[in-house]
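# Descriptive analysis of the structure
As a plain string of letters, each chain reads:
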Amino acid sequence: MDNTWLRTWSRRAADWGADYRRTVRERPVRAQSAPGDIARQVPAAPPEAAEAMEAIFADFEKIVVPGITHWQHPRFFAYFPANSSPPSLVAEYLTAAMGAQGMLWQTSPAATELETVVTQWLRQMIGLPDGFHGVIQDTASTATFAAILTGREKALGFSGNTKGLAGQPPVRVYASDQVHTSIDKACWMAGIGQENLVKVPTAGPHLAMDAGALEAAIVADRASGMLPATIVAALGGTSVGASDDIRAVAGIARRHGLYLHVDAAWAGSAMICPELRYWMAGAELADSFVFNPHKWLMTNFDCSVLFLRDPDALVRTLGIRPSYLATHGKDGILNYSEWSPQLGRRFRALKLWFVIRAYGVEGLRKIIRGHIAMAEDFARRIAAEPGFEIVTPPMLSLFTFRLVRPGLDAAGLDALNQRLLDAVNDDGRTYLTPARHQGKLVIRVQIGQTETALEDIDIAFAAIRDLAGRL
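Right, let's walk through the structure included here. (Residues numbered from 1 in each chain as written. Predicted model: local features only at pLDDT ≥ 70, side-chain atom pairs only at ≥ 80, totals over all residues. Heavy atoms only, no water.)

## Regarding the overall build of the chain
Filter applied, for reference: Here a strand is any run of E in DSSP of at least two residues, a helix any run of H or I of at least four, and the numbering for each starts at the N terminus. Our radius of gyration is a C-alpha quantity, and the globule rule it is checked against amounts to 2.2 Å times the number of residues to the power 0.38. Think of it in three bands: with a 1.4 Å probe and only protein chains considered, a residue is buried below 20% of the maximum accessible area for its type, exposed above 50%, and partly exposed in between. In what follows, residue pairs with any heavy atoms lying within 4.5 Å of each other are defined as contacts.
When you go through the chain residue by residue, the secondary structure sums to 14 helices and 13 strands. In terms of overall size, the chain behaves like a compact globule, its C-alpha atoms giving a radius of gyration of 24 Å where 471 residues would be expected to give roughly 23 Å. For the chain, the spread of C-alpha atoms along the three principal axes comes to 70 × 60 × 45 Å. Residues classed as buried in the chain amount to 51% of the 471 residues present. In the chain, once contacts between residues fewer than 6 apart in sequence are set aside, the share between residues at least 24 apart is 75%.

This is the structure we're talking about:
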């Protein structure tokens, strides 16, 4: 396996990738495999002898590809997008070819310094003020875990890592009942516990945390001997796009000395559009803010950016410096492994650098604005169709709907909509996911794939209408 071999198969893979992207519209969006289909085709034991690459590649096409749900399909309207644009793909190949491990400045100065510059580009792009510093994490779950740990340590006077949580007052975290379950998991992993994650009720058209209920909970907890530590505000919740009044929440955090983290994992990318930044009003007062370029900024998974007002608090929480990681004789350097739960770090900044330069900020804005316009058009079409209702109107590019039938009770309507969802996803023309909103099963539509066009909205709408008519 010399350079000739590498050149041959790299070209083969590149050709396959280009052909795949050109023809992906022709495939069913969701994998049509049944459980166990893939595993049954793979030997239970590894091969003792080397196999020919032709055979391996052939098996990739025969076994693996049929079991892939096509996240790059322009009619993938489930979950949130996982964009993989051409410049991002090229950069990812270069990253893999170099195989750099960017845990310290000295292990690859370019990886560290490019990350510093590119995260500042992103800070400017979304309108966060000077003074915030960015670090690339793998996912928003990891970034939120780091934020929860930092809030815990600040509340405990940075004694949690040394003394543990035994004997300490119960640490409390506050979030709306609309936040992503990564907040719950972060509280588990941080030793805070599910019972100390206070879910605050929501109200209003944007399903924002009830500010009065939030403040009352903090006051009551402190009076009973608990230790309020962190508030997590949502900007674009997973189910229906719930968004908190960040400025109001920030005021409460300031009054009570709590750490404020803003989770904008999906919606944060849209903040590159100045006309949409009213959604993040008050974020400049937060202690940390996370969003995922790998969701809606044309940068392939994984790439999440955490912005911090006070990086020293994060480093004090996560930084650990054994002698074998020391960097001698260099002043003023950053070692981003001290900003992350993981020691090992991929060179994720390269793909961001490629993407931002290849599209330009205005080119990225054009894509996001187009997705929002398509979602609004899609919602209007469904609203005008007899027998359908829009349950939550578009929040950026996310909305929910359901099928309604006179005479059906709540359970009957839920069952009807589950049947429609199953029929749509089995059909293959598009892929949607469910959510529960105010006790109802609803169907989510989220527009955000790199190459989605109006013709894809036409096809998806026709699939939903036609299949609903057969129920």
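Moving on, there is more to tell.
## Focus: the packing of helix α8 (residues 211–223) against helix α9 (residues 246–256)
Basically, it comes down to this: All axes here are fitted lines through C-alpha atoms, helices being fitted over the stretch that makes contact, and every angle between N-to-C directions spans 0 to 180 degrees. These descriptions rest on fixed angle ranges, namely under 35 degrees for roughly parallel, over 145 for roughly antiparallel, 65 to 115 for roughly perpendicular, and the rest for oblique. Whether a crossing is left-handed or right-handed is set by the direction in which the near helix is turned from the far one by less than a right angle, anticlockwise for left-handed and clockwise for right-handed. Each residue is assigned to one of three groups, with Ala, Val, Leu, Ile, Met, Phe, Trp, Tyr, Cys and Pro labelled nonpolar, Asp, Glu, Lys and Arg labelled charged, and all others, Gly among them, labelled polar.
Two elements in contact, α8 and α9, have axes whose closest approach is 10 Å; the angle formed by their N-to-C orientations is 20 degrees. Between α8 and α9, the angle is such that the two are roughly parallel. Crossing handedness for the pair α8 and α9: right-handed. Residues Ala211, Leu214, Glu215, Ile218, Val219 and Arg222 of α8 form the contact with α9, whose own contacting residues are Val249, Ile252, Arg255 and His256. Classifying every residue of the contact of α8 with α9 by side-chain character gives six nonpolar, one polar and three charged.

## Describing the pattern of salt bridges
The condition is simple: When a carboxyl oxygen of Asp or Glu is within 4 Å of a side-chain nitrogen of Lys or Arg, the pair counts as a salt bridge.
Under the defined criterion, the tally for this structure stands at 28 salt bridges. Its salt-bridge partner being Arg402, residue Glu389 comes within 2.7 Å of it at the nearest N-O pair. Of this pair, Glu389 sits in strand β10 (residues 388–395) while Arg402 sits in strand β11 (residues 398–403); the two residues are 13 residues apart in sequence, bridging distant segments of the chain. Its relative accessible area of 28% is what places Glu389 among the partly exposed residues. Through salt bridges with shared partners, a single ionic network connects Glu92, Asp302, Arg346, Arg348 and Lys351.

## Describing unusual backbone geometry
Note the cis peptide between Phe301 and Asp302, where omega equals 5 degrees. The phi angle at Tyr79 is positive, at roughly 45 degrees, despite the residue not being glycine. Tracing the backbone shows Tyr79 in the loop between α2 (53–64) and α3 (86–98). On the basis of relative accessible area, Tyr79 is assigned to the partly exposed category, the value being 41%.

## Observations regarding the sheet that holds β10
Within a sheet, adjacent strands bond to each other through the backbone by hydrogen bonds, running parallel or antiparallel. Rule in force here: At least two DSSP bridges between two strands are required for those strands to pair.
Read across the open sheet, the four strands follow the order β10-β11-β13-β12; overall the sheet is antiparallel. What marks the edges here is a single partner per strand, and that holds for β10 and β12 (433–437). On average, each strand axis in the sheet is tilted by 35 degrees relative to the strand beside it, whichever way the strands run.

## A look at the environment of Thr150
Examined against the element boundaries, Thr150 turns out to sit in helix α5 (residues 140–155). Excluding residues within four positions of it along the chain, Thr150 makes contact with Tyr259, Ala313, Leu314 and Thr317.

## Considerations on a nonpolar patch on the surface
Rules: The patches reported here contain residues having more than 30% relative accessible area and no salt bridge. Joining distances are 9 Å for like charges and 5 Å for nonpolar side chains (Val, Leu, Ile, Met, Phe, Trp, Tyr). Each accessible area is a Shrake-Rupley result for a 1.4 Å probe, and residues are judged covered by the shown protein chains and nothing else.
A contiguous nonpolar surface patch, about 460 Å² in accessible area, is contributed by Leu6, Val90, Tyr93, Leu94 and Met98. Sorting elements by how many residues they give to the nonpolar patch places α3 first, with four residues. Following the sequence through the fold, Tyr93 ends up in helix α3.

## Quick notes on the sheet that holds strand β9 (residues 304–308)
Pairing is mixed in the open sheet, where seven strands are placed in the order β1-β9-β8-β7-β6-β2-β3. Of all the strands in the sheet, just β1 (133–137) and β3 (197–200) have a single pairing partner and so form its edges. On average, adjacent strands in this sheet sit at an angle of 20 degrees to one another, irrespective of strand direction. The pairing of strand β7 (residues 259–263) with strand β8 (residues 288–291) spans three bridges and is classified as parallel.

## Re the nonpolar core
In plain terms, the rule: Within this scheme, the nonpolar core is defined by two criteria: the residues are buried Ala, Val, Leu, Ile, Met, Phe, Trp, Tyr or Cys, and they are joined through side-chain atoms within 4.5 Å.
Ile231, Leu235, Phe289 and Leu396 are the most contacted members of the largest nonpolar core, which totals 62 residues. Sorting elements by how many residues they give to this core places helix α12 (residues 349–384) first, with nine residues. The residues contacting Leu396, other than those within four sequence positions of it, are Trp266, Ala267, Ala270, Met271, Leu276, Trp279, Trp296, Ile372 and Ala375. Listed in part, the 33 residues of the second largest apolar core include Ile148, Ile183, Val232 and Leu318.

## Section: helix α7 (residues 181–189)
Where α7 is concerned, the buried positions are Ser182, Ile183, Asp184, Ala186 and Cys187. Packing partners of the buried residues in α7 comprise α5, β2 (171–176), β3, β6 (227–234) and β7. Positive backbone phi, approximately 80 degrees, marks Gly191, located one or two places after α7.

## Considerations on the pairing of β3
For a regular strand, the rule is simple: side chains alternate between the two faces of the sheet. Relative to β3, β2 runs parallel, the two being bridged by four bridges. The residue of β3 that forms the bridge with Tyr174 is Val198.

## A word on the side chain of His256
For His256, the position within the fold is in helix α9. The exposure class assigned to His256 is buried, which follows from its relative accessible area of 18%. Residues within four places of His256 in sequence aside, it is in contact with Glu215, Ile218, Val219 and Arg222.

## A word on the pairing of β7
Worth spelling out the cut-off: When the strands point away from the viewer, a crossover counts as right-handed if the route from the first strand across the helix to the second turns clockwise.
Burial within β7 is extensive, with five of its five residues counted as buried. Residues Tyr259, His261 and Asp263 line one face of β7 and the alternating positions Leu260 and Val262 line the opposite face, and both faces are buried. When β6 meets β7, the two strands line up parallel, connected through five bridges. Bridge assignment links Val232 to a residue of β7, and that residue is His261. Taken together, β6, α9 and β7 form a β-α-β motif whose crossover is right-handed.

## Side note on the packing of aromatic side chains
Worth spelling out the cut-off: Stacked, edge-to-face and tilted are the three classes for Phe, Tyr and Trp ring pairs, Trp counted by its six-membered ring, which pair at centre distances within 6.5 Å; planes under 30 degrees apart are stacked, over 60 edge-to-face, the rest tilted. A ring is considered to have a charge above it if a Lys NZ or an Arg CZ atom is located within 6 Å of its centre and within 35 degrees of its normal.
Throughout the structure, instances matching the rule amount to 17 aromatic pairs. Taking the centre distance of 5.5 Å and the plane angle of 80 degrees together, the rings of Phe76 and Tyr431 count as edge-to-face. Highlighted residues: Phe76 in the loop between α2 and α3 and Tyr431 in the loop between α13 (410–427) and β12, separated in sequence by 355 residues. For the pair shown, Phe76 and Tyr431 are each scored as buried. Counting every residue linked through ring pairs, the aromatic cluster contains Trp9, Trp16, Tyr20, Phe57 and Phe60. Here the basic side chain of Arg357 rests over the ring of Trp353, its NZ or CZ set 4.8 Å away from the ring centre. Its end group placed over the ring of Phe80, Arg444 keeps NZ or CZ at 5.0 Å from the ring centre.

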